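Overview (structure and organization)
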Amino acid sequence: MRRVGAAQAFNLTGQLKQKMTVCVIDSGIDYSHTELIPNLHPLVGYNALNASSDVFDDNGHGTHCAGTIGAVGMNSVGIAGMNWGVQLLACKFINQDGIGWVSGVIDCLDFCVRNNATISSNSYALSDINATSTILQDAIAQAGAQGHLYVTAAGNEGLDLDAGTATVLPAAFRLPNMLTVAAALDGGEESGSQDRLAGFSNWGNSTAHLAAPGTHILSTYPGNWLAYMSGSSTAAPFVAGAAAFLHSLSGAFLSNTQIRQTLLQTAKPVPGLAGRTVTGGMLDLWAAAQAVAAETSGMAAATAAVLPAPSSPSALDTDGTLPPQTPPSAGSRLPQLQRMLMGPRDLLWQTLQSVATSWHQWDAFLRATLERTAAYPRQTR
C-alpha cells in the first residue's frame, strides 16, 4: 500500500461521502470471507456460467482481486483494501479451471451496469478471441456511454500491446472509458531500488495507461485465508479500488471521465516505466486524492460564489463557513439543521424557515385544540 500512496490517503477515509459499487468480473467471490462480508453488495452478484445468483469462488482469483479492492480496514485482522467503504458486486464467468467465455464477460458487464456499478475490475485476458471481432469492444464502449469505467489487466505475456501482432484482449483495446494496468516489480525484491515493469507484464506506450504493484501481493483467498499472488491481474484491482475511493471522496461530484484523467495526471513518474506506459508512472492514490479534494472544493466554492448571501447572517460566520459545531439544546432542531448546511444555500435556508414557521403555527393550533378538548371531556354512558 505504501507504494501507491494509500497509507496517507487512508487518513481521508472518514471523508468518503458515499459507497461506490465496484463490480468484480472474475471467478466469483468467497462471500463467507470475514474480510469481505461487510463490504458485499446486497445482491452479492450473478453467475453467468449457470445463470444463478451463487457466485462462490471455486478458483480463488476473484476473491484475491476483491480483497485488494475492498477488504475491510481498521479491524486489526488480515489486510485492508484500497477502499474500506466500497460495495463489492461479483459477477462470475470464470470456472474453477480458470476458463471463461466472451459471452460471459458481456453478460457480466451488462449485469454490472444495470445494477449501477460505475466501475468494474477485469483481471483476465481473452487470448483466443478473434481480433477482428468487435462484440466485446462494442460492449465496453456501450458501458462507457453510460458512465462506466472499465479497469483491466495488461496481461502476462511480456508483449508490447502497441504492436499490431499483439492480440491480448481486452487490454489492447483503445477506448476512452478503459484503464489498462501493467504490473510493477518492487525494486527491493531484486537488484536496484526503483520500481519498474515486471518482466512478465505486457506493456504499451499508448495502450497500457499506468502501472501498479503486481508481484507477491497478499490478499483474501477462499476459505477465510490470505494468499500471495503475482501478475497484472493483481495490479488492476489497485486501480479499480483507487477509482472507487476517489469517486467516494468527491461525493460522486466528479464523473468517471474526470476520475480517470486524475489518475493519469497524478501517476508517479518512475524511470523504469518510462516508455512502457502512457503515463510512464505508478498509481499514486495520495496525489490523486489531494487533486480530487482540491477540485471538488474549488467547484463547491465556485457554486457558492454565484448564490446570494444567506438571509440570516447568524447561520454562517462572516467568512462564509459554518460556525463551530456545538451540541443542540433539547428541542432545538432548527439550529441543528442550520449547522448541517454545507455552504450558503439561500433557497434551502428560506425553505427551512418557512417549514419551521408552519410547524410552529401547526403546533400552536394543536395545543389550543387539546386545551379545548380537555375543558370538555367526553361523557361516558
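Let us look at the structure shown here. (Residues numbered from 1 in each chain as written. Predicted model: local features only at pLDDT ≥ 70, side-chain atom pairs only at ≥ 80, totals over all residues. Heavy atoms only, no water.)

**Thoughts on the side chain of Asp284**
Worth spelling out the cut-off: For helices the rule is a DSSP run of H or I covering at least 4 residues; for strands it is a run of E covering at least 2, with both sets numbered from the N terminus onward. Burial status follows relative accessibility: with a 1.4 Å probe on protein chains alone, a residue under 20% of its type maximum counts as buried, one over 50% as exposed, and anything between as partly exposed. Neither His nor the chain ends is counted toward charge; the positive residues are Lys and Arg and the negative residues Asp and Glu. Counted as salt bridges are all cases of a side-chain nitrogen of Lys or Arg within 4 Å of a carboxyl oxygen of Asp or Glu. Note on contacts: a residue pair qualifies if any of its non-hydrogen atoms lie within 4.5 Å across the two residues.
Among the secondary structure elements, Asp284 is positioned in the loop between β12 (281-282) and α7 (285-305). It turns out Asp284 is buried and unbridged, and the closest side chain with the opposite charge, Lys268, is 5.6 Å from it. Discounting residues that sit within four places of it in the chain, Asp284 has contacts with Val4, Gly5, Thr266 and Lys268.

**Section: the pattern of salt bridges**
Note that side chains of opposite charge can pair when their charged atoms are close. All chains considered together, the criterion is met by 4 salt bridges. Across the salt bridge formed by Arg3 and Asp195, the nearest N and O atoms sit 3.2 Å from each other. Of the two residues, Arg3 is situated in the segment before α1 (6-9) and Asp195 in the loop between β6 (178-185) and β7 (196-197); the sequence distance between them amounts to 192 residues. Given the relative accessible area of 11%, Asp195 is considered buried. Between Lys92 and Asp58 there is a salt bridge, and its shortest N-O distance comes to 2.9 Å. Of the two residues, Lys92 sits in strand β3 (residues 87-92) while Asp58 sits in the loop between β2 (40-47) and α2 (61-70), which places them 34 residues apart along the sequence.

**Some details on the packing of aromatic side chains**
Heads up, the rule is: Classification of ring pairs uses Phe, Tyr and Trp, with its six-membered ring standing for Trp, and accepts pairs whose centres are within 6.5 Å; under 30 degrees between planes counts as stacked, over 60 as edge-to-face, and the remaining range as tilted.
Counted by the stated rule, this structure contains 3 aromatic pairs. Ring geometry for Tyr31 versus Phe56: centroids 5.6 Å apart, planes at 75°, classification edge-to-face. Of this pair, Tyr31 sits in the loop between β1 (21-26) and β2 while Phe56 sits in the loop between β2 and α2, and the two are 25 residues apart along the sequence. On the basis of relative accessible area, Tyr31 is assigned to the partly exposed category, the value being 33%. According to the relative accessible area criterion, Phe56 is partly exposed, its value standing at 33%. Aromatic side chains Phe93 and Tyr124 sit 5.0 Å apart centroid to centroid with 75° between the ring planes, which places their arrangement in the edge-to-face category. In this pair, Phe93 sits in the loop between β3 and α3 (102-114) while Tyr124 sits in the loop between β4 (119-122) and α4 (135-145), placing the two residues 31 residues apart along the sequence. The pair formed by Phe93 and Tyr124 is uniform in burial state, with each residue classed as buried.

**What to know about the pairing of strand β9 (residues 217-221)**
Rule in force here: Any two strands with at least two DSSP-identified bridges between them are counted as paired.
Sheet topology places β9 next to strand β10 (residues 225-229); 5 bridges connect them, and they run antiparallel. Residue pairing across strands places Thr220 opposite Leu226, the latter belonging to β10. Hairpin geometry of β9 and β10 is characterised by an intervening segment of 3 residues between the two adjacent antiparallel strands and by a positive phi of about 95° at Gly223.

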